[in-house]
Amino acid sequence: MIAHWLFNNRSRELILFCNGWGMDHHPLTVLESGGYDVLVLSDYSTFDPGFDIEALKSDYRSIHLVCWSFGVWAGQQLFAERSDLFTRCIALNGTLRPVDDRYGIPHQFFDATLENFSESIGDRFYRRMCRPDHVLQIFLEHRPQRRVENQKAELARLAELVASYREEKSIFDTAIISSRDMIVPTAHQISFWQGRCPIVGIEGCHYPFTGWQDWSEIVALHE
């Protein structure tokens, strides 16, 4: 796992962000700090964050957990026993059943991506993730700087972990769901989160960050 400080300005509030599969901090640089320090976790080939969350807590008045895409499942794995450390836990365009024909990414799409993954398949994934074209253009200007082999290895590891996962009580208090998600289908997310936590609907695609100016807008979202 890679931990990267996107903003570290000695703020009193921290956003701990669990990234999506295949990502790094670059696609998130479209957002300004909004007064928050932001620590980004990426690459779930291993599940060692490389820092002590208890020690980190002593440096901040509050910590908000924001998890995107596959990071929703990863955040649950990492912090299920330490959710009391967070002021808020937000799931963004993901569920706790990340590969599921009813509640997550359909098996056929996930399996085909893993089996055939290449640079061209990655580019196709980005196009599916970013609609309309102007969102894709912004994303490509901030695309992840990771090797294809590294991304595929991470996906293979996630496939193994998800296959053996037994669902736990959710740590999330809010689910933010884009209206046109073509990676984790919008309807699947709604079906999963209904009755589990409040849902906030937003306009946009799986990559939602072009719809905000800074991180404070995400944390401020409520039902």
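Just so it is clear, the structure is predicted and the values come from calculations on it, not from any experiment.

### A few points about helix H3 (residues 107-116)
All of the buried residues in H3 are Phe-110, Thr-113 and Leu-114. Considered in projection along H3, the buried side chains sweep an arc of 95° and stay on one side of the axis. Residues Gln-108 and Glu-115 are exposed on H3 and point more than 90 degrees away from its buried face. Residues of H3 that are buried sit in contact with helix H2 (70-79), helix H4 (119-129) and helix H6 (148-163).

### Structural notes on the pairing of strand S4 (residues 62-68)
Counting buried residues in S4 gives seven out of seven residues, a clear majority hidden from the surface. Neither face of S4 is exposed, since Ser-62, His-64, Val-66 and Trp-68 on one face and Ile-63, Leu-65 and Cys-67 on the opposite face are all buried. In terms of strand pairing, strand S2 (residues 13-18) meets S4 through six bridges, oriented parallel. Pairing of Ile-15 across the sheet is with His-64, part of S4. In terms of strand pairing, S4 meets strand S5 (residues 88-92) through five bridges, oriented parallel. Paired with Trp-68 across the two strands is Leu-92, which belongs to S5. Note on the crossover from S4 through H2 to S5: the handedness is right-handed.

### Some words on the sheet that holds strand S1 (residues 2-7)
With respect to topology, seven strands assemble into an open sheet ordered S1-S3-S2-S4-S5-S6-S7, the strand pairing being mixed. Across the chains shown, the open sheet's two edge strands, defined by having one partner strand only, are S1 and strand S7 (199-202). Going across the sheet, the axis of each strand differs from the next one's by a mean of 20°, ignoring polarity. Bridge count for S2 against strand S3 (residues 37-42) is five bridges, and the pairing is parallel. Paired with Phe-17 across the two strands is Val-40, which belongs to S3. Where H2 meets the sheet, its contacts fall on S2, S3, S4 and S5, and the angle it forms with S4 comes to roughly 135°.

### Thoughts on helix H7 (residues 186-193)
Of the residues making up H7, those classed as buried are Thr-186, His-188, Gln-189, Phe-192 and Trp-193. Within H7, the buried residues cover an arc of 160° as seen down the axis, which keeps them to one side. Those residues of H7 that are buried lie in contact with H2, S5, strand S6 (174-178) and S7. Of the residues one or two after H7, Gly-195 is the one with positive phi, at around 85°.

Conventions adopted
- Residues numbered from 1 in each chain as written.
- Predicted model: local features only at pLDDT ≥ 70, side-chain atom pairs only at ≥ 80, totals over all residues.
- Heavy atoms only, no water.
- Buried < 20%, exposed > 50% of the residue type's maximum accessible area, 1.4 Å probe, protein only.
- Helix = DSSP H or I, 4+ residues; strand = E, 2+ residues; numbered from the N terminus.
- Arc of directions from axis to C-beta.
- Contact = heavy atoms within 4.5 Å.
- Pairing = 2+ DSSP bridges.
- Right-handed = clockwise from strand over helix to strand, strands pointing away.
- Axes fitted to C-alpha atoms, helices over the stretch in contact; angles between N-to-C directions.

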